[in-house]
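Topology and contacts: notes
One-letter residues, chain by chain:
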Amino acid sequence: MSKIHFTKMHGCGNDYIYVNIMEYPIVDPIAAAIAWSDRHKGIGSDGLVLIDRSPVPEADFSMRIFNADGSEAMMCGNASRCIGKYLFENGLTTQTQIRLLTLSGVKILELHVKGGKVERVTVNMGTPMLEDAHLFTPTQGLINGTFVSMGNPHYVIFTEDINQVGDTGRELEYHPAFPQRCNIEFAHITEEGSIRTRVWERGSGITQACGTGACATAVAAALTGKAGRKSQIIMDGGTLDIEWRESDNHVYMTGPAEFVFEGEIELNKLQTT
């Protein structure tokens, strides 16, 4: 029985299992994501990320993301930073600028390298979308918030009670206003001017961090006059620096990426190294 080599990585605590499917093809990524993401019976993660060659010349590599419940995500900022580190430090590229194909389009990764190691990565997350009838239909009675799509849907609620993330986030993910379900952010402005944020990710529940969620929160804060175009987003697992540039209307996210461990998996058996 063949074994699949995997790498566990995280960006601000948002942890995924990464597999280079150029070497280790996965026939059923949905089943693998569900089984391997289990924190008691599997490897434990927020989901599974597949790294592959790009099928189009506009990008260098591609990624697909499957949440812990098996649903496929459009984009993940934390995962894209980890992919940049993975590709560079595993010798799959020598470039410090990588074009990464996602279901939300091509994202540009800028690697900040020191001593041969990728310390931080800046991702051009593109232009935020503030209206999308396929993702958000305003509904009476919905908690007041700001809808922002960063290639995937987010609904940002500014409140002093960000710890309602569990109960309220679970409920809002499936609210009729969001026909494709939604990621929900609860945020408040700190005395220092940063933005403390907690996230309910569709398909994964409460996560330590969410890159697209941090971007959506920064955009929502700027739109509502709670912050300028540069924000420091403090999430459960760490801090991300977000800039919504006026020059091109793109959102840029900068943050860390970390290896956790590597291993091999054969059916339901795990062997970590």
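Our subject is the structure that appears above.
Now for a look at the structure at hand. (Residues numbered from 1 in each chain as written. Predicted model: local features only at pLDDT ≥ 70, side-chain atom pairs only at ≥ 80, totals over all residues. Heavy atoms only, no water.)

A look at unusual backbone geometry
Even without being a glycine, Cys12 presents a positive backbone phi close to 55°. Following the sequence through the fold, Cys12 ends up in the loop between β1 (4-11) and β2 (14-20). With phi around 65°, Asn249 is a residue other than glycine that occupies positive phi space. (Helix = DSSP H or I, 4+ residues; strand = E, 2+ residues; numbered from the N terminus.)

Concerning the pairing of strand β4 (residues 61-67)
Burial within β4 is extensive, with six of its seven residues counted as buried. Relative to β4, strand β3 (residues 47-53) runs antiparallel, the two being bridged by seven bridges. Bridge pairing in β4 links Ile51 to Met63. Of the pairings in the sheet, the one linking β4 to strand β6 (residues 97-102) comprises two bridges and is parallel in character. Within β6, the residue paired with Phe61 across the bridge is Leu100. Of the pairings in the sheet, the one linking β4 to strand β5 (residues 72-73) comprises two bridges and is antiparallel in character. In the strand pairing of β5, Phe66 is matched with Glu72. (Buried < 20%, exposed > 50% of the residue type's maximum accessible area, 1.4 Å probe, protein only. Pairing = 2+ DSSP bridges.)

Digging into the side chain of Glu185
By the element assignment, Glu185 lies in strand β11 (residues 183-189). Salt bridges are absent for the buried Glu185, whose nearest opposite-charge side chain, Arg202, sits at 9.8 Å. In terms of polar contacts, Glu185 uses its side chain to reach the side chain of His154, at 2.9 Å. Ignoring sequence-local partners within four residues, the contact set of Glu185 consists of His154, Tyr155, Val156, Ile157, Thr197, Arg198, Val199, Gly213 and Thr217. (Lys, Arg positive; Asp, Glu negative; His and termini not counted. Salt bridge = Lys/Arg side-chain N within 4 Å of Asp/Glu carboxyl O. Polar contact = N/O pair within 3.5 Å; in protein donor to acceptor, adjacent residues only side chain to side chain. Contact = heavy atoms within 4.5 Å.)

A few points about the environment of His5
Take His5: it is sitting in strand β1. Residues His5 and Val106 lie 101 residues apart in sequence; the distance between their C-alpha atoms is 26 Å. Excluding anything up to four places from it in sequence, His5 contacts Tyr18, Val19, Tyr24, Glu262, Gly263 and Glu264. Polar contacts involving the side chain of His5 include one to the main-chain carbonyl oxygen of Gly263, which spans 3.5 Å.

Examining the side chain of Glu201
With respect to the helices and strands, Glu201 occurs in strand β12 (residues 195-201). Other than its neighbours up to four places away in sequence, Glu201 contacts Asn14, Tyr16, Glu173, Asn183, Thr207, Ala209 and Cys210.

Remarks on the pattern of salt bridges
One pass over the full model with this rule turns up 14 salt bridges. Close ionic contact of Lys8 with Asp15 constitutes a salt bridge, the shortest N to O distance being 3.3 Å. Like Asp15, Lys8 is buried. A salt bridge links Arg64 to Glu72, with the nearest nitrogen and oxygen atoms 2.8 Å apart. Judged by relative accessible area, which is 31%, Glu72 ranks as partly exposed.

Remarks on the nonpolar core
Of all hydrophobic cores here, the largest spans 49 residues; its most connected members are Tyr18, Val49, Ile65, Ile83, Met125, Ile242 and Val251. Residue contributions to this core peak at seven residues, all from helix α4 (residues 211-223). Ranked by size, the runner-up nonpolar core spans 15 residues in total, among them Leu142, Tyr155, Ala177 and Cys182. (Core = buried A, V, L, I, M, F, W, Y, C linked by side-chain atoms within 4.5 Å.)

Focus on α4
Along an α-helix, a turn takes 3.6 residues, which lines up residues three or four apart on a common side. When the terminal C-alpha atoms of α4 are compared, their 18 Å separation across 13 residues agrees well with the 18 Å that a helix rising 1.5 Å per residue should span. With eleven of its 13 residues buried, α4 lies for the most part within the structure. Of the positions making up α4, those classed as buried are Gly211, Thr212, Gly213, Ala214, Cys215, Ala216, Thr217, Ala218, Val219, Ala220 and Ala221. Of the residues flanking the end of α4, it is Gly225, one or two places downstream, whose phi is positive at about 75°. (Expected span 1.5 Å × (residues − 1).)

Regarding the packing of aromatic side chains
Within a pair of aromatic rings, the relevant descriptors are the distance that separates the centres and the angle that separates the planes. On inspection of all chains with the given rule, the structure shows six aromatic pairs. Ring geometry for Phe136 against Tyr155: centres 5.8 Å apart, planes inclined by 45°, an arrangement best described as tilted. Here the residue Phe136 occupies a position in the loop between β8 (117-124) and β9 (146-149), and Tyr155 occupies one in strand β10 (residues 153-158), the gap between them amounting to 19 residues. The buried category is assigned to Phe136, whose relative accessible area is 16%. A residue is classified by how much of its surface remains accessible, and Tyr155, at 3% relative accessible area, is buried. Ring-pair connections join several aromatic residues into one group, and the members of that group are Phe136, Phe147, Tyr155 and Phe178. Note that Arg229 overlies the ring of Trp244, its terminal NZ or CZ placed 4.2 Å from the centroid. (Phe/Tyr/Trp six-rings, centres within 6.5 Å; stacked < 30°, edge-to-face > 60°. Lys NZ or Arg CZ within 6 Å of the ring centre and 35° of its normal.)

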